[in-house]
Every structure is written in structure tokens, then in C-alpha cells.
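Chain by chain, the residues run as shown.
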There are 2 protein chains.
Amino acid sequence: MQQQNLKGFRDFLPAEKRKRDFVAASMSKTFQKYGYEPIETPTLEYASLLLGKYGLEADKLVYTFEDRGERQVGLRYDQTVPTARFLGQYQAQLPKYFRRYQIQNVFRADKPQAGRFREFTQCDCDIFGSTSAVADAEILAVYYATFADLGLSSLVIELNDRETLLATLSPFTITTVDVFSIIQSIDKLDKLSEPEVIDELVKKGLQQTAATACLVQVKNSTISSNLKDIVQKAISLGVPAENLKIHPTLARGLDYYTGMIFEGKIPEYTVGSVGGGGRYNNLLKDLMDFDCPAVGFGIGFDRTVEAADQLGLLPSAPSTQVLVTIFDESPESITSSLEAAQQLRVAGIATEVFPEVDKIGKQLKLADQKKIPYVLVIGESERAQDQVTLKQMDTGEQTQLHIEAVIERLA
Amino acid sequence: MQQQNLKGFRDFLPAEKRKRDFVAASMSKTFQKYGYEPIETPTLEYASLLLGKYGLEADKLVYTFEDRGERQVGLRYDQTVPTARFLGQYQAQLPKYFRRYQIQNVFRADKPQAGRFREFTQCDCDIFGSTSAVADAEILAVYYATFADLGLSSLVIELNDRETLLATLSPFTITTVDVFSIIQSIDKLDKLSEPEVIDELVKKGLQQTAATACLVQVKNSTISSNLKDIVQKAISLGVPAENLKIHPTLARGLDYYTGMIFEGKIPEYTVGSVGGGGRYNNLLKDLMDFDCPAVGFGIGFDRTVEAADQLGLLPSAPSTQVLVTIFDESPESITSSLEAAQQLRVAGIATEVFPEVDKIGKQLKLADQKKIPYVLVIGESERAQDQVTLKQMDTGEQTQLHIEAVIERLA
């Protein structure tokens, strides 16, 4: 029986894995350029850490089981909760203002569907310990730079202030509909029309006039001085003013935000937001009884890879530049091919040696199949002149030259 | 209650995580230089794939559970079995001679002890599809280069031929002691003395004279022509001859090797082998009914990081080079600091902005705590001259200069 991977889980073949590695490496580089340091937490945690943290619905999506030592354990569901544990556990070793990034896989026992997987990569970046607008602006700056450094400088950051939203919406709450329930409906304005959102609010229990007024007031709410200040600072930190858009109805579904909230969109990529974040000053206290203000974001890694790929920003060829063929089974032939490969590698040129003695046609076919751009052939005549033949696969052009000249051309 | 990580699982703080990332990036670079391509398989697989593949004892160490869809699933136990599935599942898309590397975490429900964890990183590199000595030599070459590129060029590769070992030991088998049982005892010569190994063989059922003779014959066995050929080719591929040592009693515990076997040791690092491998032409057929010869290795990632670290080869400082302080709460002060940070970052200099307005002494303390080597101070007098003060933390030296001069000095 042919074994398969589990539904909702993915294998990555080289072409896709190279792209993902490229994006992850670019993101890490940007994060470090902005002073963030990498950390890692385990894949498994005590289930008691994970359960009851994300809401009842989400609890059902946490992979939990009993291990052989009768401990209830669970797979990483997000990076925020394990990081909260991490901050509490190592607070004596961590600086007061701690910037960290984390790129790891998380697990959700969700129904798999297009673009939704049971194991996927999260990419989080946060500043812990500061309540200042500088920290908010620093987070916007690194968020923008992460995309810009990938070539996605068209990224638009939509911004709002959760405090403004709370102040505007609070007057509309009734006994059965709290402000977060209203926020969750407002948050759907991205996908639903205004009448549809009003309908939803009415279904929840609001009067038709209240629901309508509530939407009008949110749309007309004025920018808070806090948000103005953050935006100004983000511009000083290099985010182009035109890529920062105040969006009074941006709500973000999660309850825990306390100040600035934001979401990123790439205009050329219409699937949806590539992640976002905001300030959450009480979450760590609520979760872990660890008082620590925070501001940060999570990037949708899959969508970012997809967007960058659609725009042709990711490597499509393998890193291997040269396939060294083996001309015949004579020891001289094999040795000269191996030595040539070694010289190329020492010069930093990614090189594969065809492992078998086979017809040159078959060896060229492998280069073609693997999309390796150059092939080296070293027959008796080349050896006699201490040279090699370099064949460029796309043009078919062949040149006989010294190995040093090959290195000069390709390095 | 303060939550903790699970026993046998690790958190990595920035200092350690940076080192691990450095080693993983270096290994990936070397693998690619030798023509290997990255792949990834999921953390979870069907339990039926994982169980019954590693032996009865190992089956107990596989983390398995029933998911919410009543599927029996398991956590990645090694990379070989999921890769065997991968090769079978995607054979139509993969080239005949496929070189892949994989750096992922694996899970073992083992008793945690010094240097043994329940989640740890494996680093595998293999060539699939070829039985040639060139493939064996290519594997030795990339194995050596992986360590040499990290600065561990003293690596000694101990080599043997499983076929020679089988031929030498087969005459000594008796009904109750098969050749693999003898091999497993011989494999302990690294940790036990010869009399101890002889004792073990006698306890297994061999006659004292047979056990003694068996050891003598293994020690005096001649090098196979296959192994001579591989070594010669590895030397052509750049492995120094003195780093390749034929070791007639090297046995490697696993049953499945069919030809060359090897193990790497770093002389300055006495904890033990840093991994090894060999040729295994039948394993994929046995596992997955997929006929595919293979040769490759697994590197002990933790030990390699530890060895490289002990030899001072890994970065000890954070990547952040500059902490930009904020002199006072005036908008001019804040703006000039933010703009300076942006200029440094555009020049590729890793920079953190102190997020709060605080005493300069406290800001310097953060740089000290985070081991950031330079601090930028921009007070009123510096601003008046369009300059900044650069303080070098280790010497205490302060220089007032233009930001462009800072960039020239640090970029």
C-alpha cells in the first residue's frame, strides 16, 4: 500500500521549499536589522498551558494527547502563549525591553480547505516591556521593511486605534451585546457590505437605527492623537506616508488589543491580508499573571510566499549552477571530473557530480530535468589540453576553456 | 502558578538560538554548494507509517495519539522513514538521481538525560538512485565540507565496509547469535575494552576462543577494493587523505547498511561522534516497497553546535550593532534619533531604538545587558552641528561625527 501524507499537512518539494527558505531567511535578516533576536520554544507544551487561552471554540482546535508519562500535552497552537510562558520563566535573564522574533510551525485541528492547513508557519515579531509610541512605530517600521526587503514595497498598512473604537462603540452596547461582539461584526466590513453588517448587528439584538448610527459614527470617528503620533514616528523610521492608511472601521477580531491595531495588504495580491497586529498591554497579565506591555505582529507566511511568488520575486531555479558529467569509466576521466567539481566548490559555485558512468545525453537530461544552467564535460581531448567544455543549457552554447576561466565566469 | 516547559524539551534563548541558526545556515549553504536540495515533510504522519519501522524497542519511543478525526497519528521520529514515503509519493516528479537535505526536529519519548532530549534537530543528507562509488565519495566530500566550512576541518572520518564486516563475521555466527548481534557487540569497541566485548560475545553464546578469534580477524581484515576506490575518489573531491581513516572494527549499530559505513569525530571534542552514515541499498525497498539505492548521513546537530561553540567558532555577540538612544522628550530629539536609526538600517547596520525617554545611563545599561557594541547619542549640541555621538561600549571611547561617517565605520 502506498503511504500518503496526512490531509491538511504538506510536503514541500525542493522548488517550493527553496522559496519558503528564501522568504524565511529574508525575514530573519530584516528582523535582525531592526534589533530583534531569535528565540525558539518547543513543539510540545503542557496542555494546561494551551487550553483555556484562546476561547472555547479554539480549544477544540488544539492538538492534545496524553504522553507515555501520563502528562496531558499539546502541540504549539500559536507563538504568543508559549512566548508568554517563556517571558515569565526567563524574566531574570531577559532585558527589560525585549525584542524577539520567532518563525515556527503551529498546529490546528481545523477542517482543511483551500489555503487552510493543520500545520503552518507563523512568523511573529514583538517588543515587550514598553508602552511608548516609539515602540509602536518601531513595530510598524520593521513590519513594512519585512515586506519591502522582499520586494513587496507596495504593502499598505491599514491602521486604527482600538481605544477610539471602544469609545465610539461603547454607547451602543446593550445587556446582550457587548462591545467585542460589535467589534467582531465591524471587523467583517472587509468581506461583507454595510447593510449585511447592519443586519448582523440587528440579529445580535441592536435596534436598526442604533446599528446604522454605530456604523456611521465608526466611519466618521476622528484619528486619535496617539495614532497620529505613531504614524509620524513611523514615517521618521522610513515607512512611506502613502503606505500608511488610517482605516476607522478596521477592528481586528481578537479581544486583547488595547491601542494601535493594524493589518497589511499587498494591492497586487487579492487573496487577503498578509497579517497584522497591534498593541496588547494586558494579555500577558491575563494569560500568565506576568505584567508586561507588548506590541507586535504576526505575518501570514504562506500568503507572503504566495504573493512574492506571484510577483516573480522568489528564486525559481535551484541553487545548483553546474552539473559535472563523467565522460567515460577510465580512472583519468572520473578523477578529472571529481577534481573539477572540487575546484568549482572551493570557489563557492554550487556543483553536482553525475554519479554514474552513462551516455552524455542522459547526463544532460538530468541537468535539464533539475534546471541546472551549466554542464561541464571533460573528455580525452579536453584533458589533453588541460581544459573543460562548458555547455550553457538554455542556449546550447559550448565553450572549451580552462577551469579557472569557468570559475571566473560563474563565481 | 508559574508554568514551565516540559522535561526533555528545550527553550532556546537568543544567545543559543543565534548559534544554532548560524550552524543550520552554514550547513544549508554547504549542502547546496554540493548540489543538494532542501525538502520538508510534516511533523505529523499516519502512525502506521512510523510504527514497525524502527524495531520493537523504538516503537515505544514514537509519540503516537488519536486525533479528533479518530486517525492514529505520530510525531516525526526520524527523517528517513518520512523521506521514504516522500520518495514513493512523488517519484514521478523527482529526478532519477535525487540529492536532498533536511534539517528538522524529531521526537522521541525517551528518558531525558544529559545530552538526550525528547525533541531535537536532525540534519540529513542523502543521494538516492545511484549505487556508484562516486555517490559514496560525494557523500564523504559533503560530510567533510559541512564541518570544514564551520571551521571544524580537524574532523576525522572513520570508515569501514559493512560487506567486509559481514564476510569476516559470518563464519562466527551460531544458531542463537546472528551476524547483526555480533556487529552490535563489535560496535561497542569505542566504549568498551576488547576483553569486555569478548565477554559480551561469550555471554551471548559464543565460545571464548571464537569470540577472541572473531575480534582478531575483524582487526586484521583487509580493506575492500570498494572502500579503497571510494577513499581515492573522496580525496579527488577534496577530503584530505589524513582525515580519512580506515577503521576495521567500526560497525555502526543499525542493521540496514549494505556497503560503506562511516562516522565522524572531532579530535578536540571528546563527547563522542558527531554523526555518520553509509550506504543502504535495501532499506527503502524493505520500508516502502520502493526499490531505490541510497547513501547518506545524519549529523548530530546538538553535538556539532556544542563542538563548534567550544572551539569559539560561533557568534557570541547579538547581530545588533547599534543602540540609538533618545536624548529627551522633545519632538526634535525623538525625530532625529528615529531618522538616524533609519539611515543606519538602510545601510544594513542592525540597529535598535531605545523605546522610552529615560536617563542616558539607563539606556547605556540596556546596550551593556544586550551586549550591543555601539551606542548613538544625539543631544541638542550634536543636532546643532548635524552630528551624532558614537560611543564604543567596550572601550568607552566617544566620537562626535556625521551619521555618514558612522555608517562608513560600521557598515
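This text goes with the structure placed above it.
Residues numbered from 1 in each chain as written. Chains lettered and ligands numbered in written order. Predicted model: local features only at pLDDT ≥ 70, side-chain atom pairs only at ≥ 80, totals over all residues. Heavy atoms only, no water.

**Points about the overall build of chain A**
What chain A contains, in helices and strands, is 16 helices and 16 strands. Taken over C-alpha atoms, the radius of gyration comes to 28 Å for chain A, far larger than the 22 Å a tight globule of 411 residues would show. Across its three principal directions, the C-alpha atoms of chain A cover 90 × 55 × 45 Å. Here chain A holds 411 residues, and the buried ones make up 58% of them. If you take every contact in chain A between residues at least 6 apart in sequence, the share linking residues at least 24 apart comes to 66%. Averaged over its 44 positive side-chain charges, chain A has a centre that lies 4 Å from the centre of its 55 negative ones. (Helix = DSSP H or I, 4+ residues; strand = E, 2+ residues; numbered from the N terminus. Rg over C-alpha atoms; globule rule 2.2 N^0.38 Å. Buried < 20%, exposed > 50% of the residue type's maximum accessible area, 1.4 Å probe, protein only. Contact = heavy atoms within 4.5 Å. Lys, Arg positive; Asp, Glu negative; His and termini not counted. Charge placed at Lys NZ, Arg CZ, Asp CG, Glu CD.)

**Examining the sheet that holds strand β10 (residues 275-279) of chain B**
Residues and elements named next belong to chain B. The eight strands lie next to each other as β1-β5-β6-β11-β10-β9-β7-β8, forming an open sheet whose pairing is mixed. The sheet terminates laterally at β1 (37-38) and β8 (244-246), the two strands that pair on one side only. Summarising the sheet, β10 and strand β11 (residues 294-300) pair through five bridges and their orientation is antiparallel. Directly across from G278, in β11, lies its bridge partner G296. Across the sheet, helix α12 (residues 301-310) touches β6 (119-128) and β11, and the angle it forms with β11 is around 55°. (Pairing = 2+ DSSP bridges. Axes fitted to C-alpha atoms, helices over the stretch in contact; angles between N-to-C directions.)

**Remarks on the packing of aromatic side chains**
Considering all chains together, one arrives at 25 aromatic pairs over all chains under this definition. Ring plane angle 75° and centroid distance 6.4 Å describe the contact between Y63(A) and F65(B), whose orientation is recorded as edge-to-face. Of this pair, Y63(A) sits in the loop between α3 (56-59) and β3 (64-66) while F65(B) sits in strand β3 (residues 64-66), on two different chains. Pair check on accessibility: Y63(A) and F65(B) agree, each one buried. Measuring from ring centre to ring centre gives 5.6 Å for Y256(A) and Y280(A), while their planes differ by 55°; the resulting arrangement is tilted. Taken together, the residues Y256(A) in the loop between β8 (244-246) and β9 (260-265) and Y280(A) in the loop between β10 (275-279) and α11 (283-288) connect sequence positions 24 residues apart. Taking relative accessible area as the criterion, Y256(A) reaches 26% and is therefore assigned partly exposed. Clustering of aromatic rings is evident, with ring pairs tying together F9(A), Y63(A), F65(A), F9(B), Y63(B) and F65(B). (Phe/Tyr/Trp six-rings, centres within 6.5 Å; stacked < 30°, edge-to-face > 60°.)

**Let's talk about the side chain of S132(B)**
Tracing the chain through its elements places S132(B) in the loop between β6 and α5 (133-148). Only 2.5 Å separates the side chain of S132(B) from the backbone oxygen of P355(A), close enough to count as a polar contact. Here V134(B) takes part through its backbone nitrogen, which lies 3.3 Å from a polar atom of the side chain of S132(B). Apart from residues no more than four positions distant in its own chain, S132(B) is found in contact with P355(A), E356(A) and R279(B). (Polar contact = N/O pair within 3.5 Å; in protein donor to acceptor, adjacent residues only side chain to side chain.)

**Considering the relation of the copies chain A and chain B**
Take chain A, turn it by 180°, move it 0.0 Å along the axis, and it overlays chain B with an RMSD of 0.1 Å. Here the transformation between the copies is reduced to the relation of a two-fold axis. In terms of proximity to the rotation axis, the leading residue of chain A is F65(A), whose C-alpha is 3.2 Å off the axis. (Least-squares fit on C-alpha atoms with pLDDT ≥ 70 in both.)

**As for the packing of helix α13 (residues 331-346) of chain A against helix α16 (residues 403-410) of chain A**
Residues and elements named next belong to chain A. Contact pair α13 / α16: the axes reach a minimum separation of 10 Å and the direction vectors enclose 35°. Note that α13 runs across α16; the crossing there is right-handed. Within the contact between the two elements, α13 uses A340, Q343 and L344 and α16 uses I403, E404, V406 and I407. In the contact of α13 with α16, the residues fall into five nonpolar, one polar and one charged. (Left-handed = near helix turned anticlockwise from the far one by under 90°. Nonpolar A, V, L, I, M, F, W, Y, C, P; charged D, E, K, R; others polar.)

**Structural notes on the packing of helix α8 (residues 194-204) of chain B against helix α9 (residues 208-220) of chain B**
Residues and elements named next belong to chain B. Where α8 meets α9, the axes come as close as 9 Å, and the angle between the chain directions of the two elements is 130°. On the basis of the axis angle, α8 is oblique to α9. Handedness of the α8/α9 crossing: right-handed. Facing E194, V197, I198, L201 and V202 of α8, the residues of α9 in contact are Q208, A211, T212, C214, L215 and K219. (Parallel < 35°, antiparallel > 145°, perpendicular 65-115°, else oblique.)

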